[in-house]
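# Reading the structure
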Amino acid sequence: MAAINDFVSYETQGTVGIVTINNPPVNALSQAVRAGIKGGIAAAVADDSVTAVVLACAGRTFIAGADITEFGKPPLDPALQDVIPIIEASSKPVVAAIHGTALGGGLETALGCHYRVANPGARLGLPEVKLGILPGAGGTQRLPRVVGVPMALEMITSGNPIGAKKALSVGLVDKIIETDLTEGAIAFAKQIVEEGRPLVKISEQNGKLEEARKNPSLFDDFRKSIARKARNFEAPENCIKAVQASVELPFAEGIKRERELFMELMVGEQAKAQQYFFFSERLANKIPDVPKDTPLIDIKSAGIVGAGTMGGGIAMNFLQAGIPVTIVETSQEALDKGIGIIKKNYAATVSKGRLSQEAMDKNMSLLSGSTELEDLKDVDIVIEAIFENMEVKKEIFGKLDKICKPGSILATNTSTLDINEIGAATSRPEYVIGLHFFSPANVMKLLEEVRTDKTSATVMATCMALAKKIGKVPAMVGVCEGFVGNRMLAKRGEQAGQLILEGAKVEDVDRVLYDFGFPMGPFAMSDLAGNDVGWRIRQGKGVTSPVADAICELGRFGQKTGDGYYHYAKGSRTPEPDPIVEDIIVKAARDAGINRRQVSDEEILKRCIYPMINEAAKILEEGIATRASDIDVIWVYGYGWPVYRGGPMRYADHIGLKNIYDDMLKFKAEHGDNWTPAPLLEKLAKEGKGFKDL
Ligand code: CAA
């Protein structure tokens, strides 16, 4: 085997030359890899002993894309968009041998090859849109030429990969190799030569574009179909324009257009924020005082206490991952109801065609119910998901401690209570942890994990790995009221409530936050979650909130009662402003001696967002969150913070901490000490720094 460079090698097997990329962990297309591919192809073309070439990867995956760490730095030659045409122009057929994931520039490289083979587990996709950009090395021009325009639009604007079987059915791969991939690819390459099959240059194939040429309205129809999902994002529109160029322009012109549209995005703030977020999500997996090689507990079974909405949703995550669950309720009736809801949820997914009946049956077969905590004695982890009452939780944890085998993890889904205290009710506080799922628990990606003063490294490492296994994105935080997410959310809620008293309309506050990019504003969210939830918490704490309380006293609990901060017509989820609510607000303002006034959209936004950022600064100072980017992960995945703004910390840095600090002082002068900047915010602002510098 000859080294082309440190990352790419060239060897021959009979008449086939094999170019192998070895750049762990994901064979990203760094400069050296691009140069190596170019060198490898040149070596094969110049090698008279070979008649065909296989492009393969060592390690766990085919090329997973451009090296994202090179983004934002001066470009280094050779560019990928110059290497791919070299592959396509090879006088000998080049076969890509795909295993793991062929993503982004990886799939674009494969599309430059004349043929593609894959093993059955391979996944292929163009996820650039998730990084705020578009496939910039010919992907938007070549993919539609292979799979047709509708499918290319879907793949490029969603960024979601497809599996090998599907790829075969749409012509994206030519063969699935069930045995050794490289051997199979070599055999396939030889076969091509023997059969005299052509060098398929995708750039020259126009057949699949014909249908779209006859139906140009296809693009506007597609725009409409993704409008809601793509709201405020810049990249999907450029993706559509680029695919449109593949239909309207000759290939070479289309490539130029793709580059322009790519560059437009690459220099934008959204792309930077989304790329920042990609690394933030991965960084959140790392806990500084938990070494990488910490031994893990093998979680082969789970128990859940409480078959309510949360408990049921949590169970579904485990079932989906193939982990058997025993769910425990106090009465058979409650248990049957909870299991019935899980079944109904799965059945709804089956009827939408997003889950097979077979998969549903398999999931349900992994679920068992019980009314006895004793039935949890052998499980590896228990997650308690009952109502928020410290005494009851302590009693349950005391019992679980005695019932569960030594070494099993005892977790609580509490969103408010002190988990140190819960842990102290057991003889194994080092096995106690908070696993805070977000509602609906089978859908929301975030898992806020809460370490106590005693939680062991093994338990933390196990729960971080477990999150990934059940399809969640974890972030580890410490104990405090509301932990990270809800503690910040409370600050936003306070201001939203204050703003409507001062004169902003409920629908104005919601509109400003919706336009900012949240899926909905705070009042619409409260109506969705149920206004009675907060009411009960306030009653428990003996605190009042005039408007919110008055709304609940009228039985306006939100969508479920047809009225809340808004009115909802029968069977509708569309919020309609309600004069009754405005009257309640006007009266409450009068009682509080507040002179109502016009409140600008800018003030609404700053007053909702800045207190959250200020609270986050305190959270960082207290060491409750490890790093600012973890807070961003929590807000994007748990609360729908728009990912194209990176998260609240990244947004704060974008606005500039000095600007935020100055505004905080102005608001303090008008509204009092609530607006005192956190010491960390003040320090960073005065030093001209951002959270990124911590
Ligand atoms: N560039 C640089 N580093 C990358 C990377 C990339 N494209 N993809 C992954 N990594 C790094 C991760 O940051 C992580 O690093 P640490 O171990 O230091 O945290 C490591 O590789 C492993 O990644 P994951 O933890 O994500 O591993 P996984 O097995 O769960 O997932 C994966 C593997 C599916 C490939 C996933 O990493 C992924 O989705 N990567 C991004 C793929 C992507 O977006 N490609 C398109 C790039 S843009 C492009 O290609 C533009 C173009 O057209 C020119």
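To keep things clear, this report deals only with the structure shown in the data block. Since the structure is predicted, the reported quantities are computational estimates derived from the model, not experimental observations. (Residues numbered from 1 in each chain as written. Predicted model: local features only at pLDDT ≥ 70, side-chain atom pairs only at ≥ 80, totals over all residues. Heavy atoms only, no water.)

## Brief notes about the overall build of the protein chain
Defined as follows: Here a strand is any run of E in DSSP of at least two residues, a helix any run of H or I of at least four, and the numbering for each starts at the N terminus. Buried, partly exposed and exposed residues are distinguished by accessible area as a fraction of the type maximum, computed with a 1.4 Å probe on protein chains only: under 20%, between the cut-offs, and over 50%, respectively. Here, residues are in contact when the closest pair of their heavy atoms is within 4.5 Å. By the counting scheme adopted, Arg and Lys are positive, Glu and Asp are negative, and His together with the chain ends is not counted. All charge positions are set by atom: Lys at NZ, Arg at CZ, Asp at CG, Glu at CD.
When helices and strands are counted, the protein chain shows 29 helices and 20 strands. Its C-alpha atoms put the protein chain at 90 × 60 × 55 Å along the principal axes. Expressed as a percentage of the 694 residues in the protein chain, the buried residues total 53%. Contacts in the protein chain between residues at least 24 apart in sequence constitute 72% of all its contacts with a sequence separation of at least 6. Separation of charge centres in the protein chain, based on 81 positive and 89 negative side chains, amounts to 2 Å.

## Points about the packing of helix α23 (residues 546–553) against helix α24 (residues 579–591)
What counts, and what does not: Axis lines are fitted through C-alpha atoms, for helices just across the contact stretch, and the angle between N-to-C directions can take any value from 0 to 180 degrees. Between 65 and 115 degrees an angle is taken as roughly perpendicular, under 35 as roughly parallel, over 145 as roughly antiparallel, and anywhere else as oblique. Handedness of a crossing is defined here by the sense of rotation of the near helix relative to the far one, left-handed for an anticlockwise turn of less than a right angle and right-handed for a clockwise turn. Under the scheme applied here, ten amino acids are nonpolar (Ala, Val, Leu, Ile, Met, Phe, Trp, Tyr, Cys and Pro), four are charged (Asp, Glu, Lys and Arg), and all others, including Gly, are polar.
It is at 9 Å that the axes of α23 and α24 come closest, and there the two elements cross at 140 degrees. Put simply, α23 runs oblique to α24. As α23 packs across α24, the resulting crossing turns out to be right-handed. On the side of α23, the interface is formed by P546, V547, A550 and I551, while α24 contributes V581, I584, I585 and A588. When the residues that make up the contact of α23 with α24 are grouped by side-chain class, the tally is eight nonpolar, no polar and no charged.

## Here we look at the sheet that holds strand β9 (residues 162–163)
The condition is simple: At least two DSSP bridges between two strands are required for those strands to pair.
Pairing is mixed in the open sheet, where three strands are placed in the order β6-β8-β9. The open sheet has two free edges, formed respectively by β6 (101–103) and β9, since each of these has just one partner strand. Sheet strands touched by helix α3 (residues 105–112): β6 and β8 (123–125). Its angle to β6, the strand with the most contacts, is close to 90 degrees.

## Brief notes about the environment of I314
For I314, the position within the fold is in helix α13 (residues 309–320). Sequence-distant contacts of I314, that is, excluding residues within four places in its chain, are made with I304, I383, A385, N413, F437 and A441.

## Quick notes on helix α27 (residues 648–655)
Restricting attention to buried positions, one finds in α27 the residues P648, M649, R650, Y651 and A652. Against the buried residues of α27 lie α12 (269–283), α19 (485–502), α20 (506–516), α25 (601–621), α26 (628–639) and α28 (657–671). One or two steps after α27, the chain reaches G656, where phi turns positive at roughly 100 degrees.

## Section: the site of the ligand
Condition: Any residue with a heavy atom positioned within 4 Å of a molecule or strand is treated as near that molecule or strand. Think of a polar contact as two N or O atoms within 3.5 Å of one another; within protein, one of them needs to be a possible hydrogen donor and the other a possible acceptor, and neighboring residues in sequence only count if both atoms come from side chains. Computed with a 1.4 Å probe, the accessible areas rest on the Shrake-Rupley method; for each residue, only the protein chains presented here act as cover.
Not every one of the 25 residues close to the ligand is listed here, only the nearest: R60, A66, E108, R282 and K286. K286 is positioned such that a nitrogen or oxygen atom in its side chain is 2.5 Å from an oxygen atom of the ligand. A distance of 2.9 Å separates an oxygen atom of the ligand from a polar atom in the side chain of K468. Coverage of the ligand by the protein chains reaches 75% of its 990 Å² of free accessible surface. Looking at the shell around the ligand, the elements with two or more residues in it are β6, α3 and α12. With three residues, the single largest contributor to the shell around the ligand is α12. For the shell around the ligand, the per-class residue count stands at 13 nonpolar, five polar and seven charged.

The quantities given are spatial measurements derived from coordinates; they are silent on function.
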